[in-house]
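Spelled out, the chains give:
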Amino acid sequence: GQSLEQPSEVTAVEGAIVQINCTYQTSGFYGLSWYQQHDGGAPTFLSYNALDGLEETGRFSSFLSRSDSYGYLLLQELQMKDSASYFCAVNRDDKIIFGKGTRLHILP
Amino acid sequence: NAGVTQTPKFRILKIGQSMTLQCTQDMNHNYMYWYRQDPGMGLKLIYYSVGAGITDKGEVPNGYNVSRSTTEDFPLRLELAAPSQTSVYFCASRREGTNEKLFFGSGTQLSVL
């Protein structure tokens, strides 16, 4: 089987940095993706790691370590609009499987 | 481009009724997916397709059927609706390549009463 584990909730302060972790128990996948979903909306793509290491896209960065079966999403300079749910996902044999998501709460 | 379009946006069904959720994309993507999302939960893969004429089961296929007669369309059929199928349904598509970016439709809120 395959499973992706994420913390259910994370709280951070506006302007700060927060890291959302994703550990997985699957092998043979192509890469790790991250999606953002605001309440009532559809998920939107944030980043993709095909290789180990850090990928940076503006205020968001994502990291993958296949040897540790671990990845994370790093959000910097947090803004109130970043309050949302964040999902990691893997592609295994063309099936894209999502974790249960992490709800990010941002305090002013 | 409209991207991924889902219809209807909302629907209420009675137990035992059937319906088809429509999904169409205009990006010429080969890969299409159907997910359901229960409140406060992640997305569960129902069915997916890697091209016209090819479909396969995902994590939670029971109670659903799909077809893929064209590249653009990927309808999801619910037969004999049950309260357990009350959920938000998302259709998504992506192109084949190194970036696995999924493009999502706006979703269909379905209630079975």
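Our subject is the structure listed above.
What counts, and where the lines are drawn
Residues numbered from 1 in each chain as written. Chains lettered and ligands numbered in written order. Predicted model: local features only at pLDDT ≥ 70, side-chain atom pairs only at ≥ 80, totals over all residues. Heavy atoms only, no water. Salt bridge = Lys/Arg side-chain N within 4 Å of Asp/Glu carboxyl O. Helix = DSSP H or I, 4+ residues; strand = E, 2+ residues; numbered from the N terminus. Buried < 20%, exposed > 50% of the residue type's maximum accessible area, 1.4 Å probe, protein only. Pairing = 2+ DSSP bridges. Axes fitted to C-alpha atoms, helices over the stretch in contact; angles between N-to-C directions. Disulfide = S-S within 2.5 Å.

**Observations concerning the pattern of salt bridges**
So, point 1. For the structure shown, the criterion picks out 6 salt bridges over all chains.
So, point 2. With its nearest N and O atoms 3.6 Å apart, the salt bridge here joins A:Asp94 to B:Arg94. Taken together, the residues span two chains, with A:Asp94 in the loop between strand S9 (84-92) and strand S10 (95-98) and B:Arg94 in strand S9 (residues 87-94).
So, point 3. For A:Asp94, a relative accessible area of 21% corresponds to the partly exposed category.

**Section: the sheet that holds strand S1 (residues 4-7) of chain B**
All names here are of chain B.
So, point 1. What the 4 strands build is an open sheet, ordered S1-S3-S8-S7; its pairing is antiparallel. The outermost strands of the open sheet, each flanked by one partner alone, are S1 and strand S7 (64-66). Sheet twist, expressed as the average angle between the axes of neighbouring strands with direction ignored, equals 20°.
So, point 2. Summarising the sheet, strand S3 (residues 19-25) and strand S8 (residues 76-78) pair through 3 bridges and their orientation is antiparallel. The residue of S8 that forms the bridge with Leu21 is Leu76.

**Description of the state of the cysteines**
Residues and elements named next belong to chain A.
So, point 1. With the rule as written, the count across this model stands at 2 disulfides over all chains.
So, point 2. Put simply, Cys22 and Cys88 are joined by a disulfide, and their sulfur atoms are 2.1 Å apart. Measuring handedness by torsion sign, the sulfur bridge of Cys22 and Cys88 sits at about 75° and is right-handed. Here Cys22 is found in strand S3 (residues 18-24), whereas its partner Cys88 is found in strand S9, with 66 residues between them in sequence. Residues Cys22 and Cys88 agree in their burial class; the two are buried.

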